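Structural characterization, general
Okay, here's what each chain looks like letter by letter:
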Amino acid sequence: MRKALIMATALVAVAVPTSAAAQHVVVEPVVVQITVVNGRPVGGIKRPSVKKGSTVRFVVRTTAGTEIHLHGYDIEKTPRKGVPTVIQFVAKVPGRFELELHQPDALLAQLTVRP
Ligand SMILES: [Cu+2]
């Protein structure tokens, strides 16, 4: 799974049009950091907005919950103690998508992917 994500990121970097002058263009992911305390995201629900084709990386720190779930893209990760949970993907589908913590259920972020 991790290997596939890294490959996807590499493909994005290659797909960026480059002029003769620009030799290496590295596309940085849009990083969204979320810390969950008492089953709720610190500072409230994050509402990032990215352009379609962007690479998005959610980094979630939580001591509670059995699953972190990105709806629509349907990516699920099981959080492990003491290790941030990383969900990285290329936002190919426009729309609005919710990142949820499950058990206890909480909305962590609402991602907008602009066409
Ligand atoms: Cu869910």
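Everything below is about the structure printed above this text.
Residues numbered from 1 in each chain as written. Predicted model: local features only at pLDDT ≥ 70, side-chain atom pairs only at ≥ 80, totals over all residues. Heavy atoms only, no water.

Description of the side chain of Gln-110
Tracing the backbone through its elements, the reader meets Gln-110 in strand 9 (residues 106-114). Side-chain polar atoms of Gln-110 contact the side chain of Arg-47, separated by 2.7 Å. Of note is the side chain of Gln-110, whose polar atom sits 3.3 Å from the side chain of Glu-98. If we skip the residues at most four places from it in the chain, Gln-110 touches Ile-45, Lys-46, Arg-47, Pro-48, Arg-96, Phe-97 and Glu-98. (Helix = DSSP H or I, 4+ residues; strand = E, 2+ residues; numbered from the N terminus. Polar contact = N/O pair within 3.5 Å; in protein donor to acceptor, adjacent residues only side chain to side chain. Contact = heavy atoms within 4.5 Å.)

What about the coordination of the copper ion?
Around the copper ion, the protein supplies His-69 (ND1), His-71 (NE2) and His-102 (NE2) as donor atoms, at distances of 2.0 to 2.2 Å. Sequence positions of the donors to the copper ion reduce to the motif H-x1-H-x30-H. One end of the pair, His-71, is in the loop between strand 5 (67-70) and strand 6 (75-77); the other, His-102, is in strand 8 (residues 95-102), with 31 residues separating them in the sequence. Take His-102: its relative accessible area is 16%, and that puts it in the buried class. (Donors = N, O, S within 2.8 Å, 3.2 Å for Na, K, Ca; no water. Buried < 20%, exposed > 50% of the residue type's maximum accessible area, 1.4 Å probe, protein only.)

Describing the environment of Ile-68
The topology assignment puts Ile-68 in strand 5. For Ile-68 and Leu-108, which are 40 residues apart along the polypeptide, the C-alpha to C-alpha distance reads 9.1 Å. Not counting residues within four places of it along the chain, the set of residues in contact with Ile-68 comprises Val-60, Thr-62, Ile-75, Glu-76, Lys-77, Pro-79, Thr-85, Ile-87, Leu-99, Glu-100 and Leu-101.

Quick notes on the sheet that holds strand 6
By way of backbone hydrogen bonds, the strands of a sheet pair with one another, either parallel or antiparallel. A sheet is described by the order of its strands in space; here five strands give the open sequence 3-9-8-5-6, paired in mixed fashion. Strands with a single pairing partner mark the edges of an open sheet, and in this sheet they are strand 3 (49-51) and strand 6. Between one strand and the next, the sheet's axes are offset by a mean angle of 20°, whatever the strand orientation. In the sheet, strand 5 pairs with strand 8 via four bridges, with the strands oriented antiparallel. Residue pairing for strand 8: Glu-67 is matched across the bridge by His-102. (Pairing = 2+ DSSP bridges. Axes fitted to C-alpha atoms, helices over the stretch in contact; angles between N-to-C directions.)

Re the environment of Val-31
With respect to the helices and strands, the residue Val-31 is situated in strand 1 (residues 30-37). Judged by its relative accessible area of 40%, Val-31 is partly exposed. Along the primary structure Val-31 and Val-86 are separated by 55 residues, whereas in three dimensions their C-alpha atoms are 9.9 Å apart. Residues contacting Val-31, with those up to four places away along its chain left out, are Arg-57 and Val-59.

Some words on unusual backbone geometry
Following Gln-103, the chain continues into Pro-104 via a peptide bond in cis, with omega recorded as 5°. Residue placement: Pro-104 occurs in the loop between strand 8 and strand 9. We note that Asn-38 has phi near 55°; this positive angle belongs to a residue other than glycine. Tracing the backbone shows Asn-38 in the loop between strand 1 and strand 2 (40-41). Residue Asn-38 is classed as exposed on the basis of its relative accessible area of 76%. One non-glycine residue with positive phi stands out, namely Gln-103, at about 50°. Within the element layout of this structure, Gln-103 appears in the loop between strand 8 and strand 9. On the basis of relative accessibility, which here comes to 59%, the residue Gln-103 falls in the exposed class.

Spatial relationships are all this shows, so hold off on functional conclusions.
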